[in-house]
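Observations on the three-dimensional arrangement
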Amino acid sequence: MSYFDAASSAPLHPVARQALHASLDEGWADPARLYREGRRARLLLDAAREAAAEAIGCRPDELVFTTSGTRAVHTGIAGALAGRHRVGRHLIVSAVEHSSVLHSAESHLQAGGTVSEVPVLRTGAVSPDAYADALRPDTALACLQSANHEVGTHQPVVEVAEACRGAGVPLLVDAAQSLAWGPVEGGWSLLTGSAHKWGGPAGVGLLAVRKGVRYAPQGPADERESGRAPGFENIPAVVAAAASLRAVRAEAAAESVRLRELTDRIRARVPELVPDVEVVGDPVTRLPHLLTFSCLYVDGETLLHELDREGFSVSSGSSCTSSTLTPSHVLKAMGVLSEGNVRVSLPLGTPAEEVDRFLAVLPVAVAAVREKLGAPGPAAVTVSPSGAPDALVVDALGKRCPIPVIELAKVITEVPLGGTVRVLSDDEAARLDIPAWCEMRGQEYVGAEPAPRGTAYLVRRVTL
């Protein structure tokens with residue numbers, strides 16, 4: 001079985017396993033106590049904090065351990081907003097942040113605050129100018145991930161941090177996906193991370209708050225972790241997290257080059273092997289181990305099952321997954337195809353042979369899914385018969401992706417050049433996938449309008 005979903009959770013690093021086992025015998029006591037066992041536990045906790053702080057690029061007394069990366073995000077945002085409430089209640093996020101950031105923003109909005117969402121380019125990156133334009137006199141906090149979790153695109157943290165510094169606004173960086181590869185450059189004010197993303201144990205998050213940042217911990221007071229992360233520290237897990245971060249950093253330089261070569265191979269070969277595929281995200285300014293592509297006329301959940309049967313574990317941001325019936329907010333913000341989406345994120349040590357096997361299996365799996373769904377074959381030049389209608393209506397109400405797009409593709413040649421197809425759909429994914437299909441097929445997307453049920457999407461045939 002080849003595990004290609006390290007962006008969700010990386011396999012436990014051997015160093016993390018060793019550190020975890022060793023510290024179970026030494027780090028079980030209360031580090032706040034002065035007796036021998038407590039002092040021993042405190043030494044382990046302090047050493048882990050120093051190692052993690054060095055890897056992040058902050059002072060040990062600026063770093064606390066939380067119970068997860070999500071908790072670190074929620075805690076960091078809430079504390080920073082509260083610490084600057086006299087400035088204002090305006091929060092800035094990008095449109096492609098991790099759900100933990102967006103959920104915090106939603107809570108802030110419901111509590112009476114204001115939120116600005118900065119759009120992204122088609123590559124998935126924000127424009128530094130657009131981000132700077134969102135800054136206001138009442139902005140209390142800005143948030144920007146270091147690299148996107150779905151498509152791997154690096155964000156311009158250095159430029160955004162400079163703009164925030166000029167405006168006197170702290171910047172919180174969610175660095176969960178990038179910390180394995182190196183520290184985050186730029187003048188960030190707060191930073192969060194999650195140990196299971198770099199091969200540490202689950203249940204350990206990091207929150208760094210620079211000295212001088214106004215910060216007010218929320219919730220009941222607690223003496224643990226400077227009052228910023230309540231509860232008894234899980235010292236064995238914390239030690240394993242710090243040890244694994246140091247270990248992966250030691251491997252990062254060599255593995256970054258090797259894995260980038262493998263993902264570049266996938267990026268180049270997939271469009272050659274599989275018709276009607278869109279590879280998304282920045283091709284260069286991205287994480288070395290992660291890439292995402294979307295396959296037209298494919299149900300993402302079914303494709304993932306097909307690949308699983310062939311021994312490959314991959315992820316998807318497609319709207320057609322068991323967890324959601326709406327398109328990935330990242331793909332939606334980018335304006336790219338969402339159906340049949342596959343995210344490949346290679347763990348450290350992935351053999352090149354497994355990537356080659358994946359490239360051999362993928363075309364067969366995609367073809368099998370398309371055949372099951374009755375998708376049209378490769379595009380062919382078709383001349384509409386004389387007397388063909390100038391307009392057709394496709395009723396795809398009640399049908400989930402990619403069926404509305406498949407039915408559109410089947411009938412587009414039944415109207416003459418200049419004729420239109422009106423697709424009725426109540427699937428939110430159609431709002432993204434029909435325009436993406438038009439761009440891939442060279443047809444004109446006219447727009448959408450409300451219908452008695454769902455939405456009507458109008459497509460004009462402009463090419464053979």
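What counts as what
Residues numbered from 1 in each chain as written. Predicted model: local features only at pLDDT ≥ 70, side-chain atom pairs only at ≥ 80, totals over all residues. Heavy atoms only, no water. Pairing = 2+ DSSP bridges. Helix = DSSP H or I, 4+ residues; strand = E, 2+ residues; numbered from the N terminus. Axes fitted to C-alpha atoms, helices over the stretch in contact; angles between N-to-C directions. Contact = heavy atoms within 4.5 Å. Buried < 20%, exposed > 50% of the residue type's maximum accessible area, 1.4 Å probe, protein only. Arc of directions from axis to C-beta. Polar contact = N/O pair within 3.5 Å; in protein donor to acceptor, adjacent residues only side chain to side chain. Salt bridge = Lys/Arg side-chain N within 4 Å of Asp/Glu carboxyl O. Domains from an automatic or database assignment. Buried area = accessible area lost by both parts, 1.4 Å probe. Phe/Tyr/Trp six-rings, centres within 6.5 Å; stacked < 30°, edge-to-face > 60°. Lys NZ or Arg CZ within 6 Å of the ring centre and 35° of its normal.

Judged by pairing direction, the sheet is antiparallel, and its 3 strands sit side by side in the order 9-10-12 without closing on themselves. Of all the strands in the sheet, just strand 9 (277-280) and strand 12 (341-345) have a single pairing partner and so form its edges. The mean angle between the axes of side-by-side strands here comes to 20°, regardless of whether they run parallel or antiparallel. Note: strand 10 (residues 290-295) against strand 12, 5 bridges, orientation antiparallel. Bridge pairing links Ser 294 to Asn 341 in strand 12. Across the face of the sheet, helix 7 (residues 235-273) comes into contact with strand 9, strand 10 and strand 12 while running at roughly 10° to strand 10.

Right, let's get into helix 8 (residues 300-309). Listed in full, the buried residues belonging to helix 8 are Gly 300, Leu 303, Leu 304, Glu 306 and Leu 307. The buried residues of helix 8 occupy an angular sector of 160° when the element is viewed end-on, so they sit on one face. Where helix 8 is buried, its residues touch strand 10, strand 11 (312-313), strand 12 and helix 10 (352-373). The opening residue of helix 8, the one whose side-chain oxygen lies 2.9 Å from the backbone nitrogen of Glu 301, is Asp 299. In the stretch just after helix 8, Gly 311 is the one whose phi turns positive, near 95°.

Now for the sheet that holds strand 15 (residues 444-450). Taken in spatial order, the 4 strands line up as 13-14-16-15 in an open sheet, and their pairing is mixed. If you trace the sheet from one side to the other, it starts and ends with strand 13 (391-395) and strand 15, each paired once. Each neighbouring strand pair of the sheet contributes to a mean axis angle of 20°, computed without reference to strand direction. Relative to strand 16 (residues 455-460), strand 15 is paired through 6 bridges, and the arrangement is antiparallel. Bridge pairing links Tyr 445 to Val 459 in strand 16. Its contacts with the sheet put helix 11 (residues 403-411) on strand 13, strand 14 (420-425) and strand 16, and the angle it makes with strand 14 is roughly 160°.

Quick look at the pattern of salt bridges now. Applying the stated rule across the entire model yields 28 salt bridges. Between Asp 30 and Arg 33 there is a salt bridge, and its shortest N-O distance comes to 3.3 Å. Overall, Arg 33 belongs to the partly exposed group, its relative accessible area being 43%. Two residues, Arg 431 and Glu 428, come together in a salt bridge whose shortest N-O distance is 3.7 Å. Judged by relative accessible area, which is 39%, Arg 431 ranks as partly exposed. A single network of salt bridges, built from pairs that share partners, joins Asp 30, Arg 33, Arg 224 and Glu 233.

Examined at the domain level, the protein breaks down into domain 1 (8-248), domain 2 (251-373) and domain 3 (391-461). Centre-to-centre separation of domain 1 and domain 2, based on C-alpha positions: 28 Å. Across the contact, 26 residues belong to domain 1 and 29 residues belong to domain 2. Overall, the association of domain 1 and domain 2 removes approximately 2200 Å² of surface from exposure, summing both partners, and the carbon and sulfur fraction of that is 58%.

Next up on the list: unusual backbone geometry. For the bond from Cys 401 to Pro 402, the omega torsion is 5°, close enough to zero to count as cis. The phi angle at Asp 276 is positive, at roughly 55°, despite the residue not being glycine. Notably, Tyr 297 is not glycine yet its phi reads approximately 65°, a positive angle. You can see Tyr 297 is positioned in the loop between strand 10 and helix 8. Accessibility expressed as a relative area gives 1% for Tyr 297, which makes it buried.

This part is about the pairing of strand 2 (residues 63-66). Side-chain alternation along strand 2 places Leu 63 and Phe 65 on one buried face and Val 64 and Thr 66 on a second face that is also buried. The sheet contact formed by strand 2 and strand 8 (residues 205-209) spans 4 bridges and is antiparallel. Note on strand 8: the bridge partner recorded for Thr 66 is Gly 205.

The next point concerns the packing of aromatic side chains. Going through the model one piece at a time under the given rule, you end up with 3 aromatic pairs. Taking 5.4 Å as the distance between ring centres and 70° as the angle between the ring planes, the aromatic pair formed by Phe 312 and Phe 358 counts as edge-to-face. One end of the pair, Phe 312, is in strand 11; the other, Phe 358, is in helix 10, and 46 residues separate them in sequence. Residues Phe 312 and Phe 358 agree in their burial class; the two are buried. In textbook terms, an aromatic cluster arises when at least three aromatic residues are bridged by ring pairs, as seen for Phe 4, Phe 312 and Phe 358. Here the basic side chain of Arg 210 rests over the ring of Trp 188, its NZ or CZ set 3.8 Å away from the ring centre. The positively charged end of Arg 228 is found above the aromatic ring belonging to Tyr 215, 4.7 Å away from the centroid.

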